[in-house]
Amino acid sequence: MTTVVFRVDAGERIGLGHAMRCLALADALRARGARTVFVTTALPEPTAAALRARGHTVLPLADAGAIADGAPESELDDGRQRADALAMQRALQGIGPLDWIVVDHYHLGLVWERAAAGWARRRAVIDDHARRAHDCDLLIDHNVSAQWPQYDGLLPPRALRLVGPRFALLRRQFARSGDARPRAVVARLLVAFGGADPTCETEKALAALSEPDLAALAVDVVVGAANPRLAAIRARAAARGNVQVHVDAERMDALIERADLALGAAGVSALERCALGLPALLIAVADNQVPIARALAQRGAAVYLGRAEAVDEGCVARALGGLAAMPELVRTLAQNAADTCDGHGARRVASRMLAFDLRLRPAGPADRDLLLAWRNDEATRRHSLDPAPIDPERHAVWFAERLKDEHGALLIGEDERGPVGVLRYDVRGATARVSVYLVPDRHGQGLGALLLHAGHRWLAANRPAVRAIDAEVLADNRASRLAFAEAGYAARQFVLQRRLHG
């Protein structure tokens, strides 16, 4: 059984977003048979109870690094990071071999990751900033503003990068099964600024909603039980009327589904709303939310009002009134939001983690007929540059020549289930051209990018002179283009290119 350990904290200063996205990934891993453990120095008891109720082990950790005293987004000094890693190692005694450690923490960085290298097979990092160096095997940045090249020079060559909202770590309730509900007329508003809401945006929103022009708008307000302003929020809601206050709402998806518009922060909740096609007015309550809010606004999936300190209740009231008067704009925002994210990112990340140990071996004479059957499968031919079936005799001649070709490589990828796919490299000096296809019954599992990534490691070990790879892909082969993009290839018309490190 694969064992995955999460190092994450949550609370009033840190917020709950880190814990919630780790929970989404942990749920997806458990659904695929993995054992999951959370190690934490700070976690509200309701959140810890929710983790346990879903089958995850929760272990307390002595606050070896005084994490609660640090600035929200600043790393601890080297000594305190090492102390935290050592305390975690002690807490995990008796758990058994660790396949993955996932760290989602602004206070813990490169020093902590290196300290963890000796007692976990692989390390994954969830980050938002694209400005910190990491020593990891997997980097996950699911923000709308994230781009693959932003991490150039910040990660070791072996690291796989899963970036962008396609890998959004959202709970299963946000995984969309079909088209999102269309929105146009704004009759119900959802106000949600996270469990803690340290900048008091909820009260600002309720003050704006007291405007007479907005009196007909029904409102759902979501807050956390740990919010120190909960009593004041309840009082404002009662005074305004037509407001329901939901504390630690279990079914955010239901609240999103019935809303026509949202007012909230630009953290993980912004992607939850996108997954269910809900347009939003966004206020950035932290530095890392600014690029997310701007990216969603550029996509036409939301309206960005600005940073919290620059947005007053009058600005909020005007924005709400303006959108309520423009149903066509609301409809467009809703469609663009749904196009941004489908809510299946946690499943995609979990699948790649559990298949990470994909191995490559050179093809041998006994593989000749297997490769012909895979290559002649209808699904493979449909997306090949030459879709015609290959004649067995012609294939036999080609295969024999490929095995003897000192300028090329023919490789078969395998995992614990058996063959995954085929990689072919034609090497000319510092450049290699790659051709790739999957075994027919392995499609749809996210294995294409992992196969390409394994090929990069193979080239580094066996063809160290290669510095660039290119591939030719049909313009309408969306699955293949997504796999190449995930593996770091940049599009140049219909040729994809990838620069190797070193």
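Residues numbered from 1 in each chain as written. Predicted model: local features only at pLDDT ≥ 70, side-chain atom pairs only at ≥ 80, totals over all residues. Heavy atoms only, no water.

Caption draft 1: How the structure looks around the sheet that holds strand β13 (residues 302-307). Spatial ordering of the open sheet is given by β10-β9-β8-β11-β12-β13, a layout of 6 strands whose pairing is parallel. Bordering the open sheet on either side are β10 (243-247) and β13, each of which pairs with just one other strand. Each strand axis lies, on average, 15 degrees off the axis of its neighbour in the sheet, ignoring direction. Both strand β8 (residues 188-192) and strand β11 (residues 261-264) contribute to a ladder of 4 bridges, which runs parallel. Directly across from L190, in β11, lies its bridge partner A262. Along the sheet, helix α10 (residues 313-324) contacts β8, β11, β12 (280-284) and β13; its crossing angle with β12, the most-contacted strand, is approximately 160 degrees. (Pairing = 2+ DSSP bridges. Helix = DSSP H or I, 4+ residues; strand = E, 2+ residues; numbered from the N terminus. Axes fitted to C-alpha atoms, helices over the stretch in contact; angles between N-to-C directions. Contact = heavy atoms within 4.5 Å.)

Caption draft 2: Region of interest: the pattern of salt bridges. On inspection of all chains with the given rule, the structure shows 41 salt bridges. Residue D135 is joined to R114 by a salt bridge in which the shortest nitrogen-to-oxygen separation is 3.9 Å. Here D135 is found in the loop between β5 (122-126) and β6 (138-141), whereas its partner R114 is found in helix α4 (residues 110-115), with 21 residues between them in sequence. Overall, D135 belongs to the buried group, its relative accessible area being 16%. For R258, the salt bridge is made with D220, and the minimal N-O distance between the two is 2.7 Å. With R258 in helix α7 (residues 252-258) and D220 in strand β9 (residues 218-223), this residue pair connects regions lying 38 residues apart in the sequence. Under the relative-accessibility criterion, R258 is labelled partly exposed at 36%. On the basis of relative accessible area, D220 is assigned to the buried category, the value being 0%. Bridged by salt links that share partners, the residues D99, R114, R121, R122, R123, D135, D137, R158 and D357 form one connected network. (Salt bridge = Lys/Arg side-chain N within 4 Å of Asp/Glu carboxyl O. Buried < 20%, exposed > 50% of the residue type's maximum accessible area, 1.4 Å probe, protein only.)

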